Amino acid sequence: MNAAARPLPAASQHWDAGRYAANAGFVPALGHSVAELLAPQADERILDLGCGDGVLTERLAQSGAQVIGVDASPELVAAARARGVEAHVVDGHALAFDSAFDAVFSNAALHWMRRPEEVLRGVRRALRPGGRFVAEMGGHGNVATITTALRAAIRLHGEADPAFAWYFPTADAYAGLLQRHGFRVDSIALLPRPTPLPTGMAGWLRTFADPWLAGIAAERHAAILETATELMAPALRDDAGAWTADYARLRFHATAL
């Protein structure tokens, strides 16, 4: 079907904290290197933007820093609070902090925020001059095989081509955005990172595919995902049946001017 792209509803991703921990526990586990890039210090105030279930937020707080987490998902914020993390339900496009933090940290969240100009305005406003913005997100080419298979499967089942669900910029494009919003880019790089999936592609799709299926009747979801899985299997499933996602991460360290 060559119909116009199907728009995404404003809130098309639904999170379940238990499912996230089971199927995507690798996300905070693989975020340790970007946490080390942040190098949190005792007595700093740090904002964890898109804190999820608080696993990395809790680790940052072990430095002695005062860390506050924000996330758009009430379910994940509740899970973070259950860990003892101070966390609040906040849309990352509408940060209301003013010169309140020494650093803003984000892991695997910025690509869900598809209006980056609004995000960066809020981050810059939240930081004191000289404050750090350190993050890792999906970059250009992230999960390209998965998204291509999803789009093909959706169209094969007669549904309209969906709008792209995430924001995966190139390093040059995002560096330009940072500079235009009052940051000095200290480092930025696109890093290929093939990522084994502990619960296979089925677990990954159950956790992350909601935006692609928004607006499609629920009874059609299983067949679409089965077709998508068949399409991507030759590239992402090995002879033993193990799945690896074709991740590419954009990691950066920037300083507020």
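Just so it is clear, the model here is predicted, and its values are computed rather than measured.

(A) A look at the pairing of strand 1 (residues 45–49). Most of strand 1 is tucked away: four of the five residues are buried. Taking the sense of rotation as the criterion, the β-α-β connection linking strand 1, helix 4 (residues 55–61) and strand 2 (residues 66–71) turns out right-handed. Note that strand 1 and strand 4 (residues 101–107) share three bridges and pair parallel. In the sheet register, Leu 47 faces strand 4, and the bridge partner there is Val 104.

(B) Just the environment of Gly 131, in detail. Within the element layout of this structure, Gly 131 appears in strand 5 (residues 127–138). A relative accessible area of 2% means that Gly 131 is categorised as buried. The spacing of Gly 131 and Thr 255 is 124 residues in sequence and 5.7 Å in space, taken between C-alpha atoms. Among all residues touching Gly 131, those that are not within four sequence positions of it are Asp 102, Ala 254, Thr 255 and Ala 256.

(C) Representation of the pattern of salt bridges in the model. Counted by the stated rule, this structure contains eleven salt bridges. Of the charged contacts in the structure, one is a salt bridge between Glu 36 and Arg 59, with a shortest N-O distance of 3.7 Å. Of this pair, Glu 36 sits in helix 3 (residues 32–38) while Arg 59 sits in helix 4, placing them 23 residues apart in sequence. Note on Arg 59: relative accessible area 30%, which makes it partly exposed. The salt bridge partner of Arg 220 is Glu 159, with a shortest N-O separation of 2.6 Å. Of this pair, Arg 220 sits in the loop between helix 10 (210–213) and helix 11 (221–236) while Glu 159 sits in the loop between helix 7 (144–156) and helix 8 (171–180), and the two are 61 residues apart along the sequence. In this structure Arg 220 comes out as partly exposed when scored by relative accessible area, which is 33%. Where salt bridges share partners, they join Glu 136, Arg 193, Arg 249 and Arg 251 into one cluster.

(D) Fine view of helix 9 (residues 200–208). The buried fraction of helix 9 is high, at seven of nine residues. Every buried residue of helix 9 is accounted for by Gly 200, Met 201, Gly 203, Trp 204, Leu 205, Thr 207 and Phe 208.

Criteria and cut-off values
- Residues numbered from 1 in each chain as written.
- Predicted model: local features only at pLDDT ≥ 70, side-chain atom pairs only at ≥ 80, totals over all residues.
- Heavy atoms only, no water.
- Buried < 20%, exposed > 50% of the residue type's maximum accessible area, 1.4 Å probe, protein only.
- Helix = DSSP H or I, 4+ residues; strand = E, 2+ residues; numbered from the N terminus.
- Right-handed = clockwise from strand over helix to strand, strands pointing away.
- Pairing = 2+ DSSP bridges.
- Contact = heavy atoms within 4.5 Å.
- Salt bridge = Lys/Arg side-chain N within 4 Å of Asp/Glu carboxyl O.

Everything listed here is a matter of coordinates, which is why it stays silent on function.
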